[in-house]
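A closer look at the structure
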Amino acid sequence: MPKFLKVLLLIVAGYAVGVAAGLLLVSLLSDNTHDKGMEQVMTAFFFTGPIGAVVGLVWGIIRARR
């Protein structure tokens, strides 16, 4: 059970890092002025966040095998 919790923790951490990266990337790179806040939230929660969660899952599985 502790391995499962470690993997779950890394998934959540990966999602959080992905959300933060998405917010930062959109704020720095987007030229959108009308609804930039909405673009940031949608990109962070539905694109970069899940990518970070998958990276966290893979990292967690690799670390759990050791």
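In case you missed it, the structure is sitting above this.
Residues numbered from 1 in each chain as written. Predicted model: local features only at pLDDT ≥ 70, side-chain atom pairs only at ≥ 80, totals over all residues. Heavy atoms only, no water.

**Examining the layout of surface pockets**
- By volume, the largest pocket amounts to about 170 Å³.
- Around the largest pocket sit Pro2, Lys3, Lys6, Val7, Leu9, Leu10, Gly60, Arg63, Ala64 and Arg66, which together line it.
- Elements with a contribution of two residues or more to the lining of the largest pocket: α1 (2-29) and α2 (36-65).
- Here the residues of the lining of the largest pocket are counted per class, giving 5 nonpolar, 1 polar and 4 charged. (1 Å grid on protein atoms, 1.4 Å probe; cavity = no way out; pocket = protein on both sides within 12 Å on 5 of 7 lines; lining within 4 Å. Points joined across faces, edges and corners; volume = space filled by probe spheres on them. Helix = DSSP H or I, 4+ residues; strand = E, 2+ residues; numbered from the N terminus. Nonpolar A, V, L, I, M, F, W, Y, C, P; charged D, E, K, R; others polar.)

**Considering α1**
- Relative to the 40 Å expected for 28 residues at 1.5 Å per residue, α1 spans 40 Å between its end C-alpha atoms, a close match to the ideal helical length.
- Of the positions making up α1, those classed as buried are Val7, Leu10, Gly14, Gly18, Val19, Gly22 and Val26.
- The secondary structure elements touched by the buried residues of α1 are α2. (Expected span 1.5 Å × (residues − 1). Buried < 20%, exposed > 50% of the residue type's maximum accessible area, 1.4 Å probe, protein only. Contact = heavy atoms within 4.5 Å.)

**Describing α2**
- Counted at 1.5 Å a residue, the expected span for α2 with its 30 residues is 44 Å, and the 42 Å between its end C-alpha atoms agrees.
- The largest bend in α2 amounts to roughly 40° and is located at Ala44.
- What α2 keeps buried is the set Gln40, Ala44, Thr48, Gly49, Gly52, Ala53, Gly56, Gly60 and Ala64.
- Next to the buried residues of α2 lie α1. (Bend = angle between axes of the 7 residues up to and from the residue.)

**Thoughts on a positive patch on the surface**
- Residues Lys3, Lys6, Arg63 and Arg66 make up a contiguous surface patch of positive charge.
- Within the secondary structure, Lys3 is located in helix α1.
- Classification of Lys3 by relative accessible area gives exposed; the value is 53%. (Patch = residues over 30% accessible without salt bridge, like charges linked within 9 Å, V, L, I, M, F, W, Y side chains within 5 Å. Areas by Shrake-Rupley, 256 points an atom, 1.4 Å probe, with all protein chains shown as cover. Salt bridge = Lys/Arg side-chain N within 4 Å of Asp/Glu carboxyl O. Lys, Arg positive; Asp, Glu negative; His and termini not counted. Charge placed at Lys NZ, Arg CZ, Asp CG, Glu CD.)

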